[in-house]
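Structural overview
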Amino acid sequence: MQNRVIATLNKKIKQINSKVTLSLKDDCALLTGYSDDWDEIVHIGRLVAKTKKFYSVINDIKLNNFVEPTMRRPLIEDNAYDGMKVDVLVIGGGIVGAAILRELTKYNLKVALVEKEDDLALHASSRNDGCIHVGIDLSSKTNKLKYLRRSIPVYEKLAQDLDVEYDKMGQIVAFKSNWERLIYLLLKLRIKKNGIQETTFLNRKKLFEREPNLNKVAKFGVLFGTGACICPYNMTIALAESAVINGAQVLLSTAVTSMEVKNKEIVSVQTNHGRIFPKVVVNAAGVFSDVIAEMAEDKFFSIHPRKGTNAILDKKAKDKLMFQSTTIYEGLRKTAKTHTKGGGVVPTVDGNILVGPTANETPYREDFTTSREEINQVFSKHKNNAPHLSQRDIITYFSGIRAATYEEDFVIQKGKWTRNIVHAAGIQSPGLTAAPAIADDVVAYACELLGKVSRNENFNPIRKGITRVNKLSYEERNKLILNHPDYGQIVCRCEEISKGEIIDALHRPIVVASVDAIKKRTRAGMGRCQGGFCQPLIVDIIAKETQNKLESINKKGDGKILLYQTKGEQHE
Amino acid sequence: MNKYDVVVIGGGPAGLAASNSAHSNKAKTLLIEREGQLGGILKQCIHDGFGLQRFKEKLSGPEYIHKEIEELSSEIEISLLTFVTKITKTISGFELVLVNRQGVKKIETKKIILATGCRERTSKQVAIHGTSPAGIITAGTAQYYINILGEMPTRTCVILGSGDIGLIMARRITLEGGKVLGVYEAKSTPSGLTRNIVQCLEDYQIPLYLSHTITKVFGDYRLEAVQVSKVDEDMQPIKGTEHIIVCDALILSVGLIPENEIADSIGVRLNPKTKGPLCDQTLMTSMNDVYCCGNALHVNDLVDYVSESGEIAGENAARKQENNLQDLVEIKTNAKIMYTVPSLIDFNRETKKVILYFRSTKVYEKQKLMIYCNGEMIFSKKYSFVKPPEMERVVLDLSSVKNVHEITVILDDE
């Protein structure tokens with residue numbers, strides 16, 4: 001039966017590219033060969049996945065004349081963690097890795113997380129729109145919907161426990177012609193099928209009451225009350241800090257370079273800080289999750305990176321744009337084709353507006369560059385929703401890479417061939433929303449693999465964040481300043497962040513003493529001047545607080561140096 | 001609650017002059033400064049060239065500020081390291097909420113003078129694309145690192161934009177042993193003062209490339225190189241003209257924006273051309289009893305004019321309001337004039353001596369400025385040339401004109 005499917009598919013594939021062959025690896029589809037065109041490689045992968053006749057698609061078609069850049073690695077090489085033994089080693093410090101690590105600390109286990117960058121949430125987990133999705137666009141049989149549905153009811157409480165702001169502002173889908181009421185009926189069926197709660201029909205009047213700046217063509221809309229927004233990197237940092245409070249270890253600037261696998265079992269994991277011996281490995285390596293799977297001799301899926309660019313607008317633009325995430329329905333086909341339903345013109349939890357993202361296939365896993373074309377693409381795409389959208393309001397922009405599989409779904413399971421690995425791979429939107437439930441299942445699988453595991457009776461769910469002083473009442477703020485005058489000294493004028501908050505950020509369960517890390521944790525430098533005034537002040541505060549020289553304080557990581565040694569000092 | 005006649009926000013040259021003139025006109029004055037020291041951005045401007053108009057001598061920024069502070073009356077209350085977090089309009093004036101190391105405090109004032117200065121445009125506001133490495137900083141930030149902290153943010157750099165701070169920093173980095181490979185300007189004429197082009201670039205053999213811009217940056221950690229392109233008349237990059245320059249920093253001097261977040265928050269109307277508040281000749285904004293001066297009003301090229309505008313605002317804010325009725329006439333201009341400050345004249349105000357600043361839209365030679373009231377010429381002046389980077393100043397006497405319903409400012413060939 002499968003032989004016939006393969007023969008038919010091979011015939012189709014050969015018409016596209018005669019140098020590509022489809023074969024079987026167990027029950028997985030394996031694509032091999034060469035192509036001159038990356039889009040063609042992705043297209044063939046999708047073609048095979050769409051048949052749904054295979055367990056999964058491994059796409060090993062090589063792009064001609066393409067040398068994949070080596071993974072960005074920390075510059076340090078030493079033996080700091082050599083010989084370390086852990087029950088569970090989580091690879092990847094994004095939202096999913098951090099959620100898993102925290103979940104693991106609910107058991108009496110020795111657990112650690114390795115992250116190749118110098119901070120958590122540096123890639124997909126910070127380069128996204130922060131939406132807690134409602135699940136209207138997901139088909140009912142996907143892991144995406146399964147984990148999203150289980151996460152939504154617990155998210156707000158989790159955010160509360162972790163002292164992370166959760167703004168349940170709602171999401172609206174608006175329609176521009178009355179005949180689309182038919183689509184609305186279909187939508188209602190899906191709302192029911194996907195188990196979506198808190199939906200409200202909005203007539204034109206109510207729609208514009210909630211969203212006065214929406215394109216006037218809109219006729220009616222549906223409000224999804226569970227839609228929310230959150231700061232995705234703060235959530236990741238909070239989860240990891242909570243894990244550390246409960247005994248986990250977070251090893252930053254630690255990259256996995258290879259694994260020793262014997263008899264379908266991972267014996268050790270090689271890093272730039274030496275060899276670590278875990279009983280179970282969790283693969284939450286995002287865009288590198290298929291590379292990690294391959295090291296573990298368990299690669300049964302492939303990641304095809306998909307780049308997205310977002311722009312952040314000045315807080316002043318909010319009043320003329322959106323008050324919740326609202327999009328005008330553009331037809332089913334368009335949504336399906338662009339492979340991104342998230343985003344749009346979205347208010348962030350901090351009061352800015354985010355515009356984006358784009359969705360462009362790329363062979364580069366770490367291409368975080370931006371371009372004029374991508375920004376233009378973002379704005380022209382969403383101009384239809386919000387007529388007042390203007391590139392003049394941009395204060396920053398960034399790109400991220402989604403870790404898409406050919407099935408376009410999450411891979412949450414135990415190893416297919418290797419015994420002691422659990423994958424949390426292929427995570428793209430709605431990964432931020434689905435993370436808590438993913439963590440639940442991954443930890444359950446890990447516990448099964450470990451055998452006898454007991455509950456940690458001392459698990460503390462509460463983590464306190466850094467106090468945002470300008471959000472306190474005048475009385476509370478005054479009281480705080482009287483005891484700690486540093487909270488009364490404003491360093492970042494745009495976001496009104498005090499010296500006290502910056503010092504707080506340097507005394508956390510996980511401390512990263514770089515300008516970017518302080519920026520993420522406090523918002524100092526996130527405003528309209530983008531650190532023009534406060535960056536030197538922050539460098540100075542970090543240097544004094546950590547008792548370092550000014551020139552040893554970096555923007556980020558080892559290589560992102562800000563200052564050079566002055567001549568006088570070189571002669572010393 | 002402490003009560004004042006005038007509260008000045010910002011302790012740079014504009015705020016210092018405003019405080020002094022408000023105080024000498026008998027107003028109970030409070031000066032609020034965000035930093036620990038008075039002086040604003042001049043603290044880090046250690047080069048000379050300040051004060052030629054005001055003090056008739058060439059001073060460095062700190063010297064200029066020192067002179068201003070020395071003249072400051074000891075009766076003026078000064079609150080340093082203090083941040084204005086909120087302003088609310090009340091029946092009798094305004095309530096301000098202040099934050100400093102002593103706590104949160106509310107004060108009341110009849111009038112406010114905004115002297116909040118300006119900020120620099122950032123790399124993302126001029127659409128710098130590519131990677132996001134360390135080493136892309138504004139000229140002002142570079143100046144703070146070098147002149148205040150004594151640190152070098154670059155060894156070999158290029159500068160984008162020929163604004164005055166960029167030119168000054170080209171010289172400063174060279175003097176500190178750094179290498180400036182070139183200053184790139186997207187416009188076809190320089191943005192900075194001619195004297196700075198001569199003294200900061202030509203004297204140090206630093207090349208200036210007009211009609212060029214940076215189209216891309218490279219480097220995953222520290223900046224490694226930039227891509228430079230020629231631009232067409234619309235300042236759009238021309239395909240095929242790209243070339244790569246290896247350097248460790250990109251210093252930006254691509255324009256200044258008046259800081260008007262506080263003004264905006266209380267509903268003061270802004271002038272889209274200057275990005276500062278719309279003002280009449282007393283420098284009062286669209287909101288009664290709120291005044292604005294210095295670089296918060298419009299970006300100046302000489303600090304002497306910044307101080308002058310502070311004095312005007314201070315003097316008028318201290319004056320008892322004759323009445324609240326306005327008789328506003330908008331100043332109309334022809335296309336050769338980019339903007340005038342003030343852009344409105346209020347004929348119900350006592351102040352009839354009007355100091356009018358203007359900038360031309362382009363470089364023009366042999367021009368004549370003509371000012372008409374109700375179609376009748378009341379002022380004219382000849383210029384051998386006018387340039388957008390160099391602001392012009394004229395003094396008008398409007399005491400003899402009556403029932404004015406139209407004021408027109410025309411710049412035309414002689």
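All values derive from a computational prediction rather than experimental measurement. (Residues numbered from 1 in each chain as written. Chains lettered and ligands numbered in written order. Predicted model: local features only at pLDDT ≥ 70, side-chain atom pairs only at ≥ 80, totals over all residues.)

**Thoughts on the overall build of chain B**
- Assigned secondary structure in chain B consists of seven helices and 27 strands.
- Taken over C-alpha atoms, the radius of gyration comes to 22 Å for chain B, in line with the 22 Å a tight globule of 414 residues would show.
- By its C-alpha atoms, chain B is 65 × 60 × 40 Å across when sized along the principal axes.
- Within the span of chain B, comprising 414 residues, buried residues form 50% of the whole.
- Here the analysis covers contacts within chain B between residues at least 6 apart in sequence; of these, 63% occur between residues at least 24 apart. (Helix = DSSP H or I, 4+ residues; strand = E, 2+ residues; numbered from the N terminus. Rg over C-alpha atoms; globule rule 2.2 N^0.38 Å. Buried ≥ 20, exposed ≤ 12 C-beta atoms within 10 Å, placed from the backbone. Contact = placed C-beta atoms within 7 Å.)

**Topic: the domain arrangement of chain B**
Residue and element names in this part refer to chain B.
- The domain architecture assigned to chain B consists of domain 1 (1-120 + 256-319), domain 2 (122-254) and domain 3 (326-414).
- For domain 1 and domain 3, the distance between their C-alpha centres works out to 25 Å.
- Of the residues that constitute the side of domain 1 that touches domain 3, the class distribution is six nonpolar, seven polar and four charged. (Domains from an automatic or database assignment. Nonpolar A, V, L, I, M, F, W, Y, C, P; charged D, E, K, R; others polar.)

**Quick notes on the pairing of strand β25 (residues 376-386) of chain B**
Residue and element names in this part refer to chain B.
- Counting buried residues along β25, only one of its eleven residues qualify, which leaves the element largely exposed.
- The pairing of strand β24 (residues 364-373) with β25 spans nine bridges and is classified as antiparallel. Counterpart to L369 in the pairing with β25 is K381.
- Hairpin geometry of β24 and β25 is characterised by an intervening segment of two residues between the two adjacent antiparallel strands and by a positive phi of about 50° at N374. (Pairing = 2+ DSSP bridges.)

**Overview of the interface of chain B and chain A**
- On the side of chain A, 42 residues touch chain B, which itself brings 38 residues to the contact.
- Elements with a minimum of two residues in the side of chain B that touches chain A: β6 (83-89), β7 (94-100), β8 (103-114), β9 (118-120) and α3 (139-148) of chain B.
- Tallying contributions element by element places α3 of chain B first for the side of chain B that touches chain A, with four residues.
- Of the residues belonging to the side of chain B that touches chain A, the class tally is 14 nonpolar, 14 polar and ten charged.

**Some words on the pairing of β7 of chain B**
Residues and elements named next belong to chain B.
- When β6 meets β7, the two strands line up antiparallel, connected through six bridges. Bridged to K89 within β7 is F94.
- Counting the residues in the hairpin turn of β6 and β7 gives four residues.
- Taken together, the seven bridges between β7 and β8 define a ladder with antiparallel strand orientation. When the sheet's bridge partners are listed, E95 is paired in β8 with E108.
- Connecting β7 to the antiparallel partner β8 that follows it, the hairpin turn spans two residues.

**Quick look at the domain arrangement of chain A**
- When the domains of chain A are assigned, the result is domain 1 (2-63), domain 2 (168-228 + 304-402) and domain 3 (469-571).
- Between the C-alpha centres of domain 1 of chain A and domain 2 of chain A there is a distance of 34 Å.

**Details of the packing of helix α4 (residues 143-161) of chain A against helix α11 (residues 431-450) of chain A**
Residue and element names in this part refer to chain A.
- As a packed pair, α4 and α11 sit with axes 6 Å apart at the nearest point and diverge in direction by 95°. Regarding the angle of α4 to α11, the classification is roughly perpendicular. Listed contacts from α11 to K144, Y147, L148, R150, S151, I152, V154, Y155 and L158 of α4 are T433, A434, A435, P436, A437 and I438.
- The residue makeup of the contact of α4 with α11, split by class, is eleven nonpolar, two polar and two charged. (Axes fitted to C-alpha atoms, helices over the stretch in contact; angles between N-to-C directions. Parallel < 35°, antiparallel > 145°, perpendicular 65-115°, else oblique.)

**Some remarks on the packing of helix α1 (residues 2-16) of chain A against helix α2 (residues 38-50) of chain A**
Residue and element names in this part refer to chain A.
- Running from amino to carboxyl end, α1 crosses α2 at an angle of 165°, the nearest separation of the two axes being 11 Å. Accordingly, the angle class assigned to the pair α1 and α2 is roughly antiparallel. Note that α1 runs across α2; the crossing there is right-handed. Facing α1, whose interface residues are L9, K12, I13 and I16, α2 presents E40, I44, L47 and V48. (Left-handed = near helix turned anticlockwise from the far one by under 90°.)

**Remarks on α4 of chain A**
Residue and element names in this part refer to chain A.
- Compared with an ideal rise of 1.5 Å per residue, which puts 19 residues at 27 Å, α4 spans 26 Å between its outermost C-alpha atoms and is within 8% of the ideal.
- Those residues of α4 that sit buried are N143, K144, L145, K146, Y147, L148, S151, I152, Y155, L158 and A159.
- Those residues of α4 that are buried are in contact with β7 (131-132), β8 (166-167), β12 (228-230), α7 (232-245), β23 (411-414) and α11.
- Of the residues flanking the end of α4, it is D163, one or two places downstream, whose phi is positive at about 60°. (Expected span 1.5 Å × (residues − 1).)

**Brief notes about α3 of chain B**
- Counting buried positions along α3 of chain B gives eight out of ten residues, so the element sits mostly inside the fold.
- Within the span of α3 of chain B, buried status applies to A139, G140, T141, A142, Q143, Y144, Y145 and I146 of chain B.
- For α3 of chain B, the secondary structure elements touched by its buried residues are α15 (535-546) of chain A together with β9, β10 (136-138), α4 (164-175) and β17 (249-252) of chain B.
- One or two positions beyond α3 of chain B, positive phi appears at G150 of chain B, with a value near 70°.

**Regarding the nonpolar core**
- Grouped together as the largest cluster of nonpolar side chains are 272 residues, with contacts concentrated most on I100, V282 and I438 of chain A together with I113, L250 and C293 of chain B.
- Here the element with the most residues in this core is α11 of chain A; it accounts for eleven residues.
- If near-sequence neighbours (up to four positions away) are discounted, V282 of chain A is found in contact with V88, V90, I91, I100, V422, A424, V442 and A446 of chain A. (Core = buried A, V, L, I, M, F, W, Y, C linked by C-beta atoms within 7 Å.)

**So, the sheet that holds strand β14 (residues 212-218) of chain B**
Residues and elements named next belong to chain B.
- Spatially, three strands are ordered β14-β15-β16 in an open sheet, and the strand pairing comes out antiparallel. In the strand order of this sheet, the two ends are held by β14 and β16 (243-246), each with one partner. Going from strand to strand, the sheet's axes swing by 35° on average, the running direction of each strand aside.
- One ladder, built from four bridges, connects strand β15 (residues 225-230) with β16; its direction is antiparallel. Across the sheet, the residue bridging to V228 is H243, located in β16.

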